Amino acid sequence: MNKQKFEEWSKARAASFHPVVPLAPGDRLLPMDFTAANTDLTVDVLLDTSSFSRYVEEKLKASGCRYGVGGYNEHRTIYRRSEVFDAEAGHEPRRLHLGIDVWGPAGTPIYAPMDATVHSMAFNSAFGDYGATLILRHEAGGMVFHTLYGHLDLASLQNKSEGDPITAGDLIARF
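Residues numbered from 1 in each chain as written. Predicted model: local features only at pLDDT ≥ 70, side-chain atom pairs only at ≥ 80, totals over all residues. Heavy atoms only, no water.

A. The arrangement of the pairing of strand 5 (residues 116-124) in detail. Strand direction decides the pairing type here: strand 5 and strand 8 (residues 165-166), joined by two bridges, are antiparallel. Bridge pairing in strand 8 links threonine 117 to proline 165. Sheet topology note: the strand 5/strand 6 (residues 131-140) ladder contains seven bridges and is antiparallel. For methionine 121, the partnering residue across the bridge sits in strand 6 and is leucine 134. (Pairing = 2+ DSSP bridges. Helix = DSSP H or I, 4+ residues; strand = E, 2+ residues; numbered from the N terminus.)

B. The pairing of strand 2 (residues 67-70), seen in detail. As judged from the four bridges shared by strand 1 (residues 29-32) and strand 2, these two strands associate in the parallel manner. Considered in strand 2, the bridge of proline 31 is made with valine 69. With three bridges connecting them, strand 2 and strand 3 (residues 101-103) associate as antiparallel partners. Residue pairing for strand 3: valine 69 is matched across the bridge by valine 102.

What follows is the structure in structure tokens.
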């Protein structure tokens, strides 16, 4: 299945996807910019996890939003802070964000958006890496794709094994 057919398939079934995080009536999402255009992201904020977390929490509080979302295909300034995203000699370092982030309170439950199996899980502990990470494998419309959940509560990896079946709406992890 090509990209266009997958997009058509997903739009036609969007109402059947389970929300990944709990949403209440009236919840708004705060778009968050982690590109060089965001001049609030000083070197001091980027290099200190506590400062960065406070920055996100303050933005959410000031906006009255429970969740913030970061954009797909952003050229992320924050990736400069970690050697994890540096390239091997002769290659450009990774700065392009290849997902959609959701920020919210620690302990927030995360639900499977659709049926899946556990593809893999790991604790990626390097500074700036994903931390506790869970990857689900989905099959839909004749296409196989994966969703990655990072920066999870470490307990989210317990009692899971590769190949475990997951049903849409299952609690799979916590922030």
